[in-house]
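# Commentary on secondary and tertiary structure
In case you want the letters, here they are:
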Amino acid sequence: MSSAFGLDIGGSGIKGAPVDLAKGELAAERVRFATPPGATVADIADIAAQVVATFGYTGLVGAAFPAVVIDGRARTASNIDAGWIDTDVAGTLSETTGCDVVPVNDADAAGLAEMRFGAGRDVLGTVALLTLGTGIGSAVFVDGLLLPNTELGHLEIGGADAELKTADAARERDDLSWEHWARRLSKYLRHFEALLWPDLLILGGGVSRKADKFVPLLEGVRTKVVAAQLQNGAGIIGAALWAAETRQPTARN
Ligand code: BGC
């Protein structure tokens with residue numbers, strides 16, 4: 001399979017584009033529609049269909065989804081409507097888009113794309129990607145193999161869910177300076193690395209475009225920290241890769 005469509009479903013926007021799987025690149029400019037407040041099942045399913053229809057696409061679709069996804073079903077809902085819990089995401093989106101849709105956790109999708117085509121390419125050992133956005137997503141790889149559905153953005157630090165204080169949305173909500181946010185992020189990363197001892201930490205999410213503003217300010221983090229390279233495209237590219245490899249398992253070898 002040389003191409004598939006990638007959807008990236010988030011708390012603030014739903015993005016999509018066809019993906020060239022061999023190059024790990026978007027095959028056309030992506031489109032983005034805002035996610036209606038509340039992020040309900042009906043609204044997201046409707047907008048996802050509009051994104052796919054913009055391209056007149058009818059083939060295989062991978063959907064990066066901001067929750068634990070097991071056997072096509074969402075099992076959690078932190079930044080989307082609670083009605084998603086136990087919803088058959090694959091079935092719902094396949095019905096509205098008219099395509100075969102394979103959902104995957106959004107951080108796992110972004111991590112897969114970074115491992116194949118970005119900052120984690122050819123890196124062995126334990127690599128963790130953290131997406132800093134509305135929430136914090138995590139993807140953990142050992143020698144390039146994914147441990148799916150890790151939820152390490154929800155580590156409890158000082159009695160609070162880390163993503164509530166440390167996600168990029170918290171930086172914006174609390175109007176934090178880069179210095180202040182870097183202190184919160186450092187605390188989180190120190191906790192994270194003390195539990196996982198990764199060889200490399202990749203920071204993703206939209207804010208990774210501004211990595212030069214906060215990565216140099218990190219304090220006491222012993223792991224090598226780099227910015228994601230695919231940035232906005234990572235979720236879309238990784239979701240398309242995931243779908244293609246799920247439907248054609250031998251492509252992994
Ligand atoms: C969710 C994760 C998701 C992350 C990024 C967290 O709140 O629990 O599943 O990967 O947000 O969207």
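Relevant structure appears above.
## Here's the deal with the overall build of the protein chain
Counting secondary structure elements, the protein chain contains 8 helices and 15 strands. At 17 Å, the protein chain has a C-alpha radius of gyration in line with the 18 Å of a compact globule built from 253 residues. Taking the principal axes of its C-alpha atoms as reference, the protein chain extends roughly 50 × 40 × 30 Å. Within the protein chain, buried positions represent 53% of all 253 residues. For the protein chain, the share of sequence-separated contacts (at least 6 apart) that also reach a separation of at least 24 residues comes to 62%. Between the averaged position of the 22 positive side-chain charges in the protein chain and that of its 31 negative side-chain charges there is a distance of 5 Å.

## Remarks on the sheet that holds strand S11 (residues 145-147)
Read across the sheet, 5 strands follow the order S11-S10-S9-S14-S15 without closing on themselves; strand pairing throughout is mixed. Strands at the two margins of the open sheet, each flanked by one partner only, are S11 and strand S15 (224-227). Pairs of neighbouring strands in the sheet enclose a mean axial angle of 25°, with direction left out of account. Pairing of strand S10 (residues 136-142) with S11 involves 3 bridges; the strand directions are antiparallel. Following the sheet pairing, Phe141 is matched in S11 by Leu146. Strands in contact with helix H6 (residues 178-196) are strand S9 (126-132), S10 and strand S14 (200-204); relative to S9, the strand with the most contacts, it is inclined by about 150°.

## Details of the site of the ligand
Taken together, the residues surrounding the ligand are Pro66, Ala67, Val68, Ser78, Asn79, Asn105, Asp106, Ile136, Gly137, Glu151, His154 and Glu163. The contact in question runs from an oxygen atom of the ligand to an N or O atom on the backbone of Ala67, over 3.5 Å. Here His154 contributes a side-chain N or O atom positioned 2.7 Å from an oxygen atom of the ligand. Look at the ligand: alone it shows 310 Å² of surface, and the protein chains cover 94% of it. Residues belonging to the shell around the ligand are distributed by class as follows: 4 nonpolar, 5 polar and 3 charged.

## Brief notes about the pairing of S14
Judged by how many residues are buried, S14 sits mostly within the fold: 5 of 5 residues are covered. Burial along S14 is two-sided: the residues Leu200, Ile202 and Gly204 and Leu201 and Leu203 are all buried. By the bridge criterion, 4 bridges tie S14 to S15 in an arrangement that is parallel. Within S15, the position partnered with Leu200 by the bridge is Lys224.

## Some remarks on the pattern of salt bridges
The full count for this structure, using the stated rule, is 9 salt bridges. A salt bridge links Lys15 to Asp8; its shortest N-O distance comes to 3.8 Å. A relative accessible area of 12% places Asp8 in the buried class. Of the charged contacts in the structure, one is a salt bridge between Asp168 and Arg171, with a shortest N-O distance of 2.6 Å. Here Arg171 and Asp168 lie together in helix H5 (residues 168-173), a separation of 3 residues that amounts to about one turn. Arg171 matches Asp168 in its accessibility class, with the two residues each being buried. Salt bridges sharing partners connect three or more residues here, namely Asp168, Arg171 and Glu172.

The rules behind the values
- Counting restarts for each chain, with residues numbered from 1 along the sequence as it is written.
- Given that the model is predicted, a residue must reach a pLDDT of at least 70 before its local features are reported, and side-chain atom pairs must reach 80 or more before they are shown or counted; all residues, however, enter totals for whole chains, interfaces and linings.
- Only hydrogens and water are set aside when side-chain values are computed; all heavy atoms of the structure are taken into account.
- What counts as a helix is a DSSP run of H or I of at least four residues, what counts as a strand is a run of E of at least two, and both are numbered from the N terminus.
- Between the two quantities, the radius of gyration covers C-alpha atoms and the globule rule is 2.2 Å times the number of residues to the power 0.38.
- Relative accessible area decides the class of each residue, using a 1.4 Å probe on protein chains only: under 20% of the type maximum gives buried, over 50% gives exposed, and in between gives partly exposed.
- Contacts: residue pairs with any heavy atoms within 4.5 Å of one another.
- Only four residue types enter the tally: Lys and Arg on the positive side, Asp and Glu on the negative side, with His and both chain ends excluded.
- Here the site of a charge means NZ on Lys, CZ on Arg, CG on Asp, or CD on Glu.
- Whether two strands pair comes down to DSSP finding at least two bridges between them.
- Helix axes are fitted to C-alpha atoms over the stretch in contact, other axes to C-alpha atoms as well, and angles between N-to-C directions run from 0 to 180 degrees.
- Nearness here has a simple test: a residue counts as near a molecule or strand if at least one of its heavy atoms is within 4 Å of that partner.
- We call two N or O atoms a polar contact when they sit within 3.5 Å, provided that within protein one can donate a hydrogen and the other can accept it, with sequence-adjacent residues counted only if both atoms are side-chain atoms.
- Computed with the Shrake-Rupley method and a 1.4 Å probe, the accessible areas treat only the protein chains shown as cover for residues.
- Under the convention adopted here, Pro, Cys and the residues Ala, Val, Leu, Ile, Met, Phe, Trp and Tyr are nonpolar, Asp, Glu, Lys and Arg are charged, and Gly plus all remaining residues are polar.
- Salt bridges are defined as contacts in which a side-chain nitrogen from Lys or Arg sits within 4 Å of a carboxyl oxygen from Asp or Glu.

These values are about where atoms sit, not about what they do.
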